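Remarks on the overall topology
Below are the chains, spelled out letter by letter.
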Amino acid sequence: MFPIDIQTIYLTYIIISIVNLILIGSLYSQIKKRFPGAFLILISFFISTVGIIFIFLRNHVSDWISIPLANTLTILSIVILIIGLEKFINKKGYQIQNYILIVIFFLVHSYFTFVEPNLNARNINHSVVFILLSFQGAFLMLKRAPVSMRKITRPVGFVFCAVFVIQSLHIINILQNHQSDTDYFKSSPSESIFLLSWETISILLVYAISLMYNKRLIFDVNAQEEKFSKAFHAAPFIVILSKLTNGEIFEVNKNTLSIAGYEPNELMGINEINLWNNNNHRLKFISELKSKKSINEREYIFRKKSGELFTGLITANIININDEQCVISVINDITNSKKAELKLRESEATLRELNSTKDKFFSIIAHDLKSPFSGILGFSEILSHQVKEKNYQGIDKYAEIINSSSKYAMELLSNLMEWSRSQTGRMEFNPEYIDLDSIIKSTLELLKPTSEQKLISIVLNTPIKITLHADKAMIEAILRNLISNAIKFTPQKGTINITAKENEKEYLISVIDGGVGIEKSNLEKLFQIDSSYSTLGTEKEKGTGLGLILCKDFIDKHRGKIWAESELGIGSKFYFSLPKK
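Owing to the predicted nature of the structure, the values given are computational and were not obtained by experimental measurement. (Residues numbered from 1 in each chain as written. Predicted model: local features only at pLDDT ≥ 70, side-chain atom pairs only at ≥ 80, totals over all residues. Heavy atoms only, no water.)

**Here's the deal with the pattern of salt bridges**
- Throughout the structure, instances matching the rule amount to 14 salt bridges.
- Across the pair Arg-216 and Asp-220 runs a salt bridge whose closest N-O atoms are separated by 3.3 Å. Of this pair, Arg-216 and Asp-220 both sit in helix α7 (residues 189-234), 4 residues apart, which is roughly one turn of the helix.
- On the accessibility criterion, Arg-216 (15% relative accessible area) is buried.
- By relative accessible area, which is 15% here, Asp-220 ends up buried.
- In this structure, Lys-552 engages Asp-556 in a salt bridge whose closest nitrogen and oxygen atoms are separated by 3.1 Å. Of this pair, Lys-552 and Asp-556 both sit in helix α17 (residues 547-557), 4 residues apart, which is roughly one turn of that helix. (Salt bridge = Lys/Arg side-chain N within 4 Å of Asp/Glu carboxyl O. Helix = DSSP H or I, 4+ residues; strand = E, 2+ residues; numbered from the N terminus. Buried < 20%, exposed > 50% of the residue type's maximum accessible area, 1.4 Å probe, protein only.)

**A word on a nonpolar patch on the surface**
- Where nonpolar side chains cluster on the molecular surface, the patch consists of Phe-135, Phe-139, Phe-164, Val-165, Leu-169 and Ile-172 and spans about 570 Å² of accessible area.
- For the nonpolar patch, the elements supplying multiple residues, two or more each, are α5 (119-144) and α6 (150-176).
- Ranked by residues supplied to the nonpolar patch, first place goes to α6 with 4 residues.
- Among the secondary structure elements, Phe-139 is positioned in helix α5. (Patch = residues over 30% accessible without salt bridge, like charges linked within 9 Å, V, L, I, M, F, W, Y side chains within 5 Å. Areas by Shrake-Rupley, 256 points an atom, 1.4 Å probe, with all protein chains shown as cover.)

**What about the environment of Gly-93?**
- Locating Gly-93 in the fold gives a position in the loop between α3 (63-88) and α4 (96-115).
- Residue Gly-93 is classed as partly exposed on the basis of its relative accessible area of 21%.
- The spatial distance from the C-alpha of Gly-93 to the C-alpha of Ile-83 is 7.7 Å, given a sequence separation of 10 residues.
- Apart from residues no more than four positions distant in its own chain, Gly-93 is found in contact with Glu-86 and Arg-144. (Contact = heavy atoms within 4.5 Å.)

**A word on the sheet that holds strand β10 (residues 506-513)**
- Ordered in space as β7-β9-β10-β12-β11, the 5 strands form an open sheet in which the pairing is mixed. Each having just a single partner strand, β7 (457-461) and β11 (561-567) make up the two edges of the open sheet. Averaged over all pairs of adjacent strands, the angle between strand axes in this sheet comes to 10°, irrespective of strand direction.
- Where β7 meets strand β9 (residues 495-502), 5 bridges bridge the pair, whose relative direction is parallel. Bridge assignment links Ser-457 to a residue of β9, and that residue is Thr-495.
- Relative to β7, helix α13 (residues 436-446) is tilted by about 175°, and along the sheet it contacts β7, β9 and β10. (Pairing = 2+ DSSP bridges. Axes fitted to C-alpha atoms, helices over the stretch in contact; angles between N-to-C directions.)

**Quick look at empty space enclosed by the protein**
- Per the stated rule, a full pass over the model turns up 2 cavities of 30 Å³ or more.
- In this model, the largest cavity occupies a volume close to 570 Å³.
- In terms of lining residues, the largest cavity is bounded by 38 residues, among which Tyr-13, Thr-74, His-126, Phe-130 and Trp-198 are the most central.
- The set of elements that each furnish at least two residues to the lining of the largest cavity consists of α1 (6-31), α2 (38-56), α3, α5, α6 and α7.
- Taken together, the residues that form the lining of the largest cavity break down as 19 nonpolar, 16 polar and 3 charged.
- In this model, the second largest cavity occupies a volume close to 30 Å³.
- Mapped by element, the contributors of at least two residues to the lining of the second largest cavity are α1 and α2.
- Residue contributions to the lining of the second largest cavity peak at 4 residues, all from α1. (1 Å grid on protein atoms, 1.4 Å probe; cavity = no way out; pocket = protein on both sides within 12 Å on 5 of 7 lines; lining within 4 Å. Points joined across faces, edges and corners; volume = space filled by probe spheres on them. Nonpolar A, V, L, I, M, F, W, Y, C, P; charged D, E, K, R; others polar.)

**Here's the deal with the environment of Ser-329**
- Along the polypeptide, Ser-329 turns up in strand β5 (residues 324-333).
- The exposure class assigned to Ser-329 is buried, which follows from its relative accessible area of 3%.
- Spatially, the C-alpha atoms of Ser-329 and Val-252 are 9.8 Å apart, while their sequence positions differ by 77 residues.
- Those residues in contact with Ser-329 that lie beyond four places of it in its chain are Ile-238, Val-239, Ile-240, Ile-314, Thr-315 and Ala-316.

**Considerations on the side chain of Ser-202**
- With respect to the element layout, Ser-202 can be found in helix α7.
- Classification of Ser-202 by relative accessible area gives buried; the value is 12%.
- Polar contacts involving the side chain of Ser-202 include one to the main-chain carbonyl oxygen of Glu-199, which spans 2.6 Å. (Polar contact = N/O pair within 3.5 Å; in protein donor to acceptor, adjacent residues only side chain to side chain.)

**Quick look at the sheet that holds strand β2 (residues 249-252)**
- A sheet is described by the order of its strands in space; here 5 strands give the open sequence β2-β1-β5-β4-β3, paired in antiparallel fashion. The two strands at the open ends of the sheet, each matched to only one other strand, are β2 and β3 (294-303). With strand direction ignored, the average angle separating the axes of adjacent strands in the sheet is 30°.
- Of the strand pairs in this sheet, strand β1 (residues 238-243) and β5 are connected by 6 bridges, and their pairing is antiparallel. By the bridge assignment for β5, Ile-240 is matched with Ser-329.
- Helix-sheet contacts for helix α10 (residues 279-292) involve β3, β4 (309-321) and β5, and the interaxial angle to β3 is about 170°.

**So, the packing of aromatic side chains**
- Under the defined criterion, the tally for this structure stands at 15 aromatic pairs.
- On the basis of an interplanar angle of 90° and a centroid distance of 5.2 Å, the ring pair of Phe-88 and Tyr-213 is categorised as edge-to-face. In this pair, Phe-88 sits in helix α3 while Tyr-213 sits in helix α7, placing the two residues 125 residues apart along the sequence. Here Phe-88 matches Tyr-213 in class, with each residue buried.
- Plain terms: the ring middles of Phe-194 and Trp-198 are 6.2 Å apart, the flat faces sit at 25° to each other, and that makes the pair stacked. Of this pair, Phe-194 and Trp-198 both sit in helix α7, 4 residues apart, which is roughly one turn of the helix. Comparing Phe-194 with Trp-198, the two get one shared label, buried.
- Site record: aromatic cluster; members linked through ring pairs are Trp-276, Phe-285, Tyr-300, Phe-302 and Phe-310. (Phe/Tyr/Trp six-rings, centres within 6.5 Å; stacked < 30°, edge-to-face > 60°.)

**Overview of the nonpolar core**
- Counting residues in each nonpolar core, the largest one holds 54 residues, and the members touching the most others are Leu-85, Val-156, Ile-209, Met-212 and Tyr-213.
- Elements that contribute at least two residues to this core include exactly α1, α2, α3, α4, α5, α6 and α7.
- At 10 residues, α7 tops the list of elements feeding residues into this core.
- When sequence neighbours within four positions are dropped, the list of residues in contact with Val-156 reads Leu-85, Met-141, Leu-205, Ala-208, Ile-209 and Met-212.
- Counting residues in hydrophobic clusters, the runner-up holds 39 residues, among them Leu-436, Ile-466, Leu-482 and Cys-551. (Core = buried A, V, L, I, M, F, W, Y, C linked by side-chain atoms within 4.5 Å.)

Pasting the structure below:
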């Protein structure tokens, strides 16, 4: 005889089931918000424990509770366990066949309890259903589970395999050793061995489920850590984790190297004061952070490893890590953005100033154009009236005035047109190799009638042959304006000197007259678009005030310079330089 009776073994089975239920309940309290299906697994063990207690209370409660209902509860617990495991691995299955199986089991068990009592038939009915359900559980954990989770679910699958084997051996044993007794607690010793193995299976099942949850926790923690690590190090900012108490850094992302020049391990364990350009700013920032708990996008100056300063936006939050207050700081380098913003502001200011200057310039031009046209209209009206009256006295004077005003207006419009073409980009800059001496001579030939009228001698001093790489039309316009002005302000029988010489990096051209000269206070106005400085020539010739502005614009396109020197009553010297390359 087996030394321990089945009822005593069943009492230990109840104790083990209660302990298992407590362990699963404790596990559930820790993971209930993390994993789906945990509550169903807890319910499964609870129902199984209730069923086992009902079986133990046989002869103390009615047979329908202790036999059909109690055993059906143990079957139901396995079905609920499978549903819970499906939710855990996120695999939805159909349970209709299992519900039908439970109903059939209950009817068969009731039949062999009340209609034709047969303990062997009940045991076989119980084992067959367990074989079917354990096959489902093993297949779920070993095959249906995602490949990435099979290492985690495999122990539970092996337990289901053990259930399949034990229940199969149980059926074989029943068929080979037929017993006539219908009282379960008076079963053969082999049934005691089976019951002890079933206790072992229940312990292994709890251990396997606990192991599965622990492995899943480790897997999820590692996955979360990997995600955090990748996000942490891939962030295009400096990300620092430090202690709130002393600022000691214990984690830094890799982009600290590209932004601040520090390897992460160079900052580990030190105070983040190394990054702050001003420690007082840091202390004030930390003080505010302690009171507000978080600060968003505050602008400060930080220091790189090289000592170079950069502007950064820092965002910081106080967080708890292992019950210690820590600070997560994110520093975004906005140096390039600040430079771009500064350039944009400078461009905006320049544009506003330029628009204002041009508005003033056009106002001056409008006024300058109005004067000659007013004269033309007025004198032409007088001229027309006198011709009709056949009064020819003084008409030659009126005609001369009309002619002079027309020339002035024409010159102004011509210069204005060239300047507008230059400003709007319609005048193309086409540099080519040109002979400076020949261009000066052709310009002098063009202006010869004007200079001869005033008996002005022009001395050209170009000791060497100078070949410029410049826009021919623009250089001609520059020389035409400068020489024309010199003729205008040089008195009768005066002299104009034109020189050109080569320096180390540039060519220097000068036009010097012995004319009326310019006050020093007016020299600055010569090349300013909003001044339009102009005076009458020695023969009362009018200037447009636009020629020198046009000269400066053309010289700027050549990356050259233009300036003037003058003394009242002595004359003026106009210089312009052009780079060799």
